[in-house]
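What follows is each chain in one-letter form.
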There are 2 protein chains.
Amino acid sequence: MDTSPHANAKSPGRRPKVRLSDVAAAAGVSVPLASRILNRDPAARATEATRTRVLEAAAELGYVPNVAAKSLRLRRNGLIGLVVHDLSSPIHLELMRGARAEAAAHAHFLVLGDVDELLQDDTSFRTFVSGNRVDGLIVQGGHGGFDERIADIAQALPTVIVNAPSRVARDRVTSVFPDEPGGTRLLTEHLLALGHTRIGLVSGPRDSTTGMLREEGFSSALADAGLSLREEDRVHTDWSSAGGRAAMIELAARWQGSADRPTAVIAGNSLIGVGILGAAPGCGLSVPTDLSVAAVHDTWISEHLVPPLTTVSLPLYEMGALAVRQLLADSPGGTEILVDDPRPQLHPRASTAAAPAR
Amino acid sequence: MDTSPHANAKSPGRRPKVRLSDVAAAAGVSVPLASRILNRDPAARATEATRTRVLEAAAELGYVPNVAAKSLRLRRNGLIGLVVHDLSSPIHLELMRGARAEAAAHAHFLVLGDVDELLQDDTSFRTFVSGNRVDGLIVQGGHGGFDERIADIAQALPTVIVNAPSRVARDRVTSVFPDEPGGTRLLTEHLLALGHTRIGLVSGPRDSTTGMLREEGFSSALADAGLSLREEDRVHTDWSSAGGRAAMIELAARWQGSADRPTAVIAGNSLIGVGILGAAPGCGLSVPTDLSVAAVHDTWISEHLVPPLTTVSLPLYEMGALAVRQLLADSPGGTEILVDDPRPQLHPRASTAAAPAR
DNA sequence: CTGAAAGCGCTTACAG
DNA sequence: CTGAAAGCGCTTACAG
């Protein structure tokens, strides 16, 4: 009778999997005791000799617990679903990096999901949410009209909304978000200090919570300076460079032939900022001579643009990490957590300069 | 006795999980039969009435199989590890998007890993590789000196290397990669057609397989035109915009005061291209008047740069999708697969122009 | 303190 | 063709 670890080899070319029972046998103890020792169960008070025998056997055999068996037993699997809206945005990437690193630090892993798929495709929704596929969900918020659905999910699965405070009042949803108004305020104050008195805003989609919060910071900073945003100086667009480009062209058309126009513009995010910067020359506007441009979110590209883009950085990486920590702490839902370490920070660069004399 | 689905509710606020036995009971059949019907086992030839009763019960109860139980039984879990080197690169993002979408189409999910962590941290390595955490691994290749380790992994777990052909001759490693030489050749021919006869190359790190392949395409296109790369016209740097910036500064210093210099430069990837474009003005070089710049990989940003960057696009999204397909097909290892649909495509933009007259 | 037993929720040979 | 039984690899009350 072959009960050696090699007896259960499946594919010929593959190394055989070592089970807990193999470790227990090698150490001459029962399976439960091996389990307790390996899991540092304080109740297991075996002699030091036994303990090391088990530990050494495990190390020698290269034992790694079977996660499926553990999951079935423990009803959790060490997996966190990270569900974002647009995988190609450098902004979500930072969030993802922070979440991944934090998860790894706690021996957890991230499973990638897509917001639209999750909300529209029922199969995807159900495997994620009811199939025990993941222990919890981090969902990118800030997009309009899907809050009820999230509340639904949260009823079945610990859920954290990142990127925007949740508008759902239900118990189980925690949200984690940066100081959006504060960040935009920093940008606005920077432009005001440079002498700009009329500042445009290229905001995100109309139904975006994030966009609204940024506009709030913008408006309140203007108000503090005795100014206010004129309706005709604001454009809504989507969160992309193509959107930023279209917005710049739209604004330039409005300004056609009028000397009375904004001398600076704030981009709702840095993708939009890139689009504005790219479109300005074609509109006959030189940045920063004719127009100062500043954007929310500092990404790897900001400093390499021509001219380098003034931005405010928000703690995206930390937000991802904190979302994971919240989920693992299984904290009571309903909390709204402002990620404020580090604080929003201004990165003044050549895309902003003193307002031209009037 | 309460055997209703609600009997197994755990957390009071959460919806109870429905088990297969609940479905079977509701449909009045045995658990095995319910399993067979739900899994479309052709051997199960129940009456149509029974079949629909089971299907309807499952739908009504909102049954979703417990993945942990399935995994334990079937020895696979529908998870694929995607292990990349730098999560923040827009290039890997495309790969990731393709892989995620393809995986989702086959009811699989992606678990995020980090190459450095996988190779250096033994715990991470072992949970991924021997802990049955994932069914297979997609690892980003092209970085020097870790091929033996990958071969090691592949012995335990189906593995596909993306991004570069594997230099490991072992049986089990399949690699999937785009036509790197072909792409760079397209870029080179474009510059040659514009009249450039001396072209510089800002390549990636010295030990990068990918970089070497691109240089091959570059050199062979030059050779076809009766030209060749001069040693002093090549700079190695890392795959980043900061690297590109440093390289541009280095080249400009070499060219100082000499009329005899390259009139065009090819960037090993588009991040490097961004850095070159950003650094050129500071070096007293106007693009494309003084210097044409072209780069490998077309990303969202290329067309929004000032000037828009000429690039060649490689099928990164498709490469990700194909890697997943390879893994799921459990095809025999050792194959090298060129992803050539779509073919590398030139995107001529304003960063390249006719060579200045000599 | 440790071991034997039960059980997590499935699937699949094996009988009937 | 269908059901009863076994078992995937763990952990944890429960006995001893």
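Where an unreviewed UniProt entry is consulted, chain A appears under the name LacI family DNA-binding transcriptional regulator, with the organism given as Microbacterium marinilacus.

Undergrad: Talk me through the domain arrangement of chain A; I want residue IDs and the actual numbers.
TA: Examined at the domain level, chain A breaks down into domain 1 (5-65), domain 2 (77-179 + 317-339) and domain 3 (180-313). Using only C-alpha atoms to locate each centre, domain 1 of chain A and domain 3 of chain A end up separated by 61 Å.

Undergrad: Lay out the side chain of Arg100 of chain B in plain terms, naming residues and giving numbers.
TA: Relative to the helices and strands, Arg100 of chain B resides in helix H5 (residues 90-105). For Arg100 of chain B, the contacting residues outside a window of four places in its chain are Leu87, Leu112, Gly113, Asp114 and Glu117 of chain A together with Leu110 of chain B.

Undergrad: Go over the nonpolar core with me, naming the residues and quoting the values.
TA: Among the nonpolar cores identified, the biggest contains 50 residues, and Met96 of chain A together with Met96 of chain B are the most heavily contacted of them. Residue contacts for Met96 of chain A: discarding those within four places in its chain leaves Leu82, Leu87, Leu110 and Leu112 of chain A together with Leu87, Met96 and Leu112 of chain B. Counting residues in each nonpolar core, the second largest holds 46 residues, with Val265 of chain A together with Val235, Ala295 and Ile301 of chain B among its members.

Undergrad: Break down the relation of the copies chain A and chain B for me, citing the residues and quoting the values.
TA: Rotating chain A by 180 degrees about the axis while translating it 0.0 Å along that axis superimposes it on chain B, leaving an RMSD of 0.1 Å. Seen this way, the second copy is the image of the first under a two-fold rotation axis. Counting the interface residues of chain A, we find that 98% of their copies in chain B are interface residues as well, pointing to one common contact surface.

Undergrad: Report on the protein's contact with DNA strand D, specifying residues and quantitative values.
TA: DNA strand D sits among 23 residues. The nearest are Ser35, Arg36 and Arg73 of chain A together with Arg45 and Arg75 of chain B. The contact atoms of DNA strand D, taken as those within 4 Å of the protein, divide so that sugar and phosphate hold 65%. Within the side chain of Ser35 of chain A, an N or O atom sits 2.6 Å from a phosphate oxygen of DNA strand D. Contacts to DNA strand D include Arg75 of chain B, whose side-chain N or O atom sits 2.6 Å from a phosphate oxygen. Elements represented by at least two residues in the surface near DNA strand D include exactly helix H2 (31-38) and helix H4 (67-74) of chain A together with helix H2 (31-38) and helix H4 (67-74) of chain B. Grouping the amino acids of the surface near DNA strand D by side-chain chemistry returns eleven nonpolar, four polar and eight charged.

Undergrad: Tell me about the packing of helix H1 (residues 20-27) of chain A against H2 of chain A, and name the residues and values.
TA: All names here are of chain A. For the pair H1 and H2, the least separation of the axes is 9 Å and the interaxial angle reads 100 degrees. Our classification of the angle between H1 and H2 gives roughly perpendicular. Mapping the contact onto sequence places Leu20, Ser21 and Ala24 in H1 and Val31, Ala34, Ser35 and Leu38 in H2. Along the lines of polarity and charge, the residues of the contact of H1 with H2 split into five nonpolar, two polar and no charged.

Undergrad: Could you give me a rundown of the protein's contact with DNA strand C, with the residues and numbers involved?
TA: Surveying the vicinity of DNA strand C reveals 23 residues, the closest of which are Arg45 and Arg75 of chain A together with Ser35, Arg36 and Arg73 of chain B. Expressed as a percentage, the sugar and phosphate content of the atoms of DNA strand C within 4 Å of the protein is 66%. One of the side-chain nitrogen or oxygen atoms of Asn39 of chain B is found 3.0 Å away from a phosphate oxygen of DNA strand C. For DNA strand C, a phosphate oxygen lies 3.1 Å from a polar atom in the side chain of Lys70 of chain B. Counting only elements with at least two residues in the surface near DNA strand C, the list comes to H2 and H4 of chain A together with H2 and H4 of chain B. Split by residue class, the surface near DNA strand C holds eleven nonpolar, four polar and eight charged.

Definitions and cut-offs
Residues numbered from 1 in each chain as written. Chains lettered and ligands numbered in written order. Predicted model: local features only at pLDDT ≥ 70, side-chain atom pairs only at ≥ 80, totals over all residues. Heavy atoms only, no water. Domains from an automatic or database assignment. Helix = DSSP H or I, 4+ residues; strand = E, 2+ residues; numbered from the N terminus. Contact = heavy atoms within 4.5 Å. Core = buried A, V, L, I, M, F, W, Y, C linked by side-chain atoms within 4.5 Å. Buried < 20%, exposed > 50% of the residue type's maximum accessible area, 1.4 Å probe, protein only. Least-squares fit on C-alpha atoms with pLDDT ≥ 70 in both. Near = heavy atom within 4 Å. Polar contact = N/O pair within 3.5 Å; in protein donor to acceptor, adjacent residues only side chain to side chain. Nonpolar A, V, L, I, M, F, W, Y, C, P; charged D, E, K, R; others polar. Axes fitted to C-alpha atoms, helices over the stretch in contact; angles between N-to-C directions. Parallel < 35°, antiparallel > 145°, perpendicular 65-115°, else oblique.

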